[in-house]
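The chain contents come next:
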Amino acid sequence: MAMTKQAVWVYLDHAATTPVDGDVVARMLPYFSENYGNPSSIHQAGQIAEAAVEESRAKIARILDSEPDEVIFTGCGTESDNLALNGAAQINRIKKGARHILTTPVEHHAVFATVRHLAERYGFELELLPVDRFGMVDPQEVEKRVRADTAITSVIYANNEIGTINPIAEIGQICREREVPFHTDGVQAAAYLRMNVIRDNIDYLACGAHKFYGPKGVGFLYCRKDAPIEAYQTGGSQERGLRAGTHNVPLIVGMAEAFYQTQVKCQKRAETYISLRDTIIKTILENIPGSHLTGHPSQRLPNHASFVFEGVNGNDLLILLDQAGFGCSSGSACKSGSPKPSEVLLAIGLSPELALGSLRVTLGRNTTQDQITTFLEVLPGLIHHARKMAHR
Ligand SMILES: *Cc1c(COP(=O)(O)O)cnc(C)c1O
């Protein structure tokens, strides 16, 4: 059965995941059954697989402006975040007695649950940077709060829920000057913004392939050569000993191709995205009473529009939208049952009631002007309907 429920069903949830590009699938296919070697084997089959893995690593490194061996392959963006945060925090505690972790209240769970675990289980001291009403971090606050015993600072590159882009290069520069390791979750950003670890003074950059038209189940961590880190998955000596386990060759090949394609084209594609995005934002704010933009009005991901609506339950709205032929998302953490307001929306100062009325619309390569026109035509009626449902 095809995934789409009806011929006109439109996917507007590209921040959740993206389809794999046809070109990318074609690149991956030979590495399942034809060139199935283990890259760690000495013989010819192993050499072919190893060459594919190392070419992929070099391809990603060229884009990032890094050395190939600074790219560590992992199983997903979440794993990359975990490796950096656990790996840096633990080794810095052992080597320097550092036990302070500086992060933000607007991180993805991949970061937030990990640092909370480090605090609760291992006694790290967790400090949250303030964010403004757009969810943005002020570099001067980082300057004020980093300490000699900061084990790691982590600031999300671009927010998945509200789209806001942080001043990563400036924050990175402050951390570099103060000799504090700096991690950024680039999972959402890498699909739309040109990544460069030198320009941005990044020590650890986490990415996951399925957000940029690559396959699910694969990611990478850029880890600067001199940045402190230790493995938390032990075993073989793959990936500088930082991530043991036989390489998933086809997925790595697919990720490298998808990353290359995305990164070389992102600036050009941004123009189209921004024009559609700004149409959505303008039309909704003008035509739907009680609607508010969440996240920054301009310093936001090109494909990302996010809102809260007064008197609406976000989950009701998502179901109505789905039935009307549009797949969107909310900021709500729960899919069913009693929904909890998003911590990110609370952190930017919204009331719990308002935070429950959130809607996220994220565009992709195949999104058309016509689709958005129809979406904007049906949305006001659905909001009206959702408001009636909330009052029952
Ligand atoms: C999707 C996402 C993740 C998790 O990445 P996976 O590859 O799905 O594990 C982490 N951070 C952000 C900002 C994301 O958008």
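The preceding data block contains the structure.
Residues numbered from 1 in each chain as written. Predicted model: local features only at pLDDT ≥ 70, side-chain atom pairs only at ≥ 80, totals over all residues. Heavy atoms only, no water.

Asks: Sorry, what's going on with the site of the ligand here?
Replies: Near the ligand you find Cys-76, Gly-77, Thr-78, Asp-81, His-108, Ile-156, Asn-160, Asp-185, Val-187, Gln-188, His-210 and Lys-211, and these make up its full shell. In this structure, Thr-78 approaches the ligand through a side-chain N or O atom, which is 2.6 Å from an oxygen atom. Here a nitrogen atom of the ligand and a side-chain polar atom of Asp-185 are 2.6 Å apart. When the free accessible area of the ligand is taken as 380 Å², the share hidden by the protein chains comes to 90%. Examining the composition of the shell around the ligand, we find that 3 residues originate from one element, helix H4 (residues 77-96), more than from any other. When grouped by side-chain class, the residues that make up the shell around the ligand number 3 nonpolar, 6 polar and 3 charged. (Near = heavy atom within 4 Å. Polar contact = N/O pair within 3.5 Å; in protein donor to acceptor, adjacent residues only side chain to side chain. Areas by Shrake-Rupley, 256 points an atom, 1.4 Å probe, with all protein chains shown as cover. Helix = DSSP H or I, 4+ residues; strand = E, 2+ residues; numbered from the N terminus. Nonpolar A, V, L, I, M, F, W, Y, C, P; charged D, E, K, R; others polar.)

Asks: Just to check I follow, could you spell out the packing of aromatic side chains for this structure?
Replies: Geometrically, a pair of aromatic rings is defined through the distance of the ring centres and the angle of the planes. Considering all chains together, one arrives at 6 aromatic pairs under this definition. For the ring pair Tyr-192 and Tyr-273, a centre distance of 5.8 Å and an interplane angle of 75° mean the geometry is edge-to-face. Pair noted here: Tyr-192 is in the loop between strand E6 (182-185) and strand E7 (204-208) and Tyr-273 is in helix H8 (residues 249-287), with a separation of 81 residues, a long-range link. Relative to Phe-375, the ring of Phe-326 has its centre 5.4 Å away and its plane inclined at 70°; by these criteria the two rings are edge-to-face. With Phe-326 in strand E11 (residues 326-327) and Phe-375 in helix H12 (residues 369-391), this pair connects stretches of sequence that are 49 residues apart. Overall, the relative accessible area of 0% leaves Phe-375 in the buried class. Taken together, the ring pairs connect Phe-212, Phe-220 and Phe-259 into an aromatic cluster. Across the ring face of Tyr-213, the terminal group of Arg-365 is positioned such that the distance to the ring centre comes to 3.7 Å. (Phe/Tyr/Trp six-rings, centres within 6.5 Å; stacked < 30°, edge-to-face > 60°. Buried < 20%, exposed > 50% of the residue type's maximum accessible area, 1.4 Å probe, protein only. Lys NZ or Arg CZ within 6 Å of the ring centre and 35° of its normal.)

Asks: How should I be thinking about the sheet that holds E7 in this particular structure?
Replies: As a general point, the strands of a sheet are linked pairwise by backbone hydrogen bonds and lie either parallel or antiparallel. Ordered by their spatial adjacency, 7 strands build an open sheet running E2-E8-E7-E6-E5-E3-E4, and the pairing between neighbours is mixed. The sheet terminates laterally at strand E2 (71-74) and strand E4 (125-128), the two strands that pair on one side only. On average, each strand axis in the sheet is tilted by 20° relative to the strand beside it, whichever way the strands run. Two elements, E2 and strand E8 (residues 219-223), share 4 bridges in a ladder whose sense is antiparallel. Its bridge partner lying in E8, Val-71 is registered against Tyr-222. Contacting strand E5 (150-154) and E6, helix H7 (residues 168-177) crosses the sheet at an angle of about 160° to E6. (Pairing = 2+ DSSP bridges. Axes fitted to C-alpha atoms, helices over the stretch in contact; angles between N-to-C directions. Contact = heavy atoms within 4.5 Å.)

Asks: Where do I start with the sheet that holds strand E12 (residues 358-362) in this structure?
Replies: Spatially, the 3 strands line up as an open sheet ordered E9-E10-E12, and their pairing is antiparallel. At either margin of the open sheet sits one strand with a lone partner, and together these are strand E9 (291-293) and E12. Within this sheet the neighbouring strands show an average axis-to-axis angle of 25°, counted without direction. By the bridge criterion, 3 bridges tie E9 to strand E10 (residues 304-309) in an arrangement that is antiparallel. Bridged to His-292 within E10 is Val-308. The strands touched by H8 within the sheet are E9, E10 and E12, with E10 carrying the most contacts at an inclination of about 15°.

Asks: I would appreciate a short explanation of the side chain of Thr-104 in the present structure.
Replies: When you line up the elements, Thr-104 lands in the loop between strand E3 (100-103) and helix H5 (109-122). Judged by its relative accessible area of 0%, Thr-104 is buried. Within the structure, the side chain of Thr-104 is placed 3.1 Å from the backbone nitrogen of Val-106, a separation counted as a polar contact. Within the structure, Thr-104 has its side chain in polar contact with the side chain of Glu-107 (distance 2.7 Å). Among residues more than four places away in sequence, those in contact with Thr-104 are Phe-112, Leu-128, Leu-129, Val-131, Val-137, Ser-154 and Val-155.

Asks: What is the right way to look at the pattern of salt bridges in this model?
Replies: Close approach of charged atoms allows side chains of opposite charge to pair. Tallying each qualifying case throughout the model produces 20 salt bridges. Between Arg-360 and Asp-13 there is a salt bridge, with its nearest N and O atoms 3.1 Å apart. Taken together, the residues Arg-360 in strand E12 and Asp-13 in the loop between strand E1 (10-11) and helix H1 (22-28) connect sequence positions 347 residues apart. An identical accessibility class is assigned to Arg-360 and Asp-13; each is buried. Across the pair Glu-143 and Arg-178 runs a salt bridge, and its minimum N-O distance is 3.4 Å. Placement of the pair is Glu-143 in helix H6 (residues 139-145) and Arg-178 in the loop between H7 and E6, with a sequence separation of 35 residues. Relative accessible area serves as the criterion here: at 36%, Glu-143 is assigned to the partly exposed category. Judged by relative accessible area, Arg-178 falls into the partly exposed class, the value being 37%. Through salt bridges with shared partners, a single network forms among Arg-99, Glu-125, Arg-147 and Asp-149. (Salt bridge = Lys/Arg side-chain N within 4 Å of Asp/Glu carboxyl O.)

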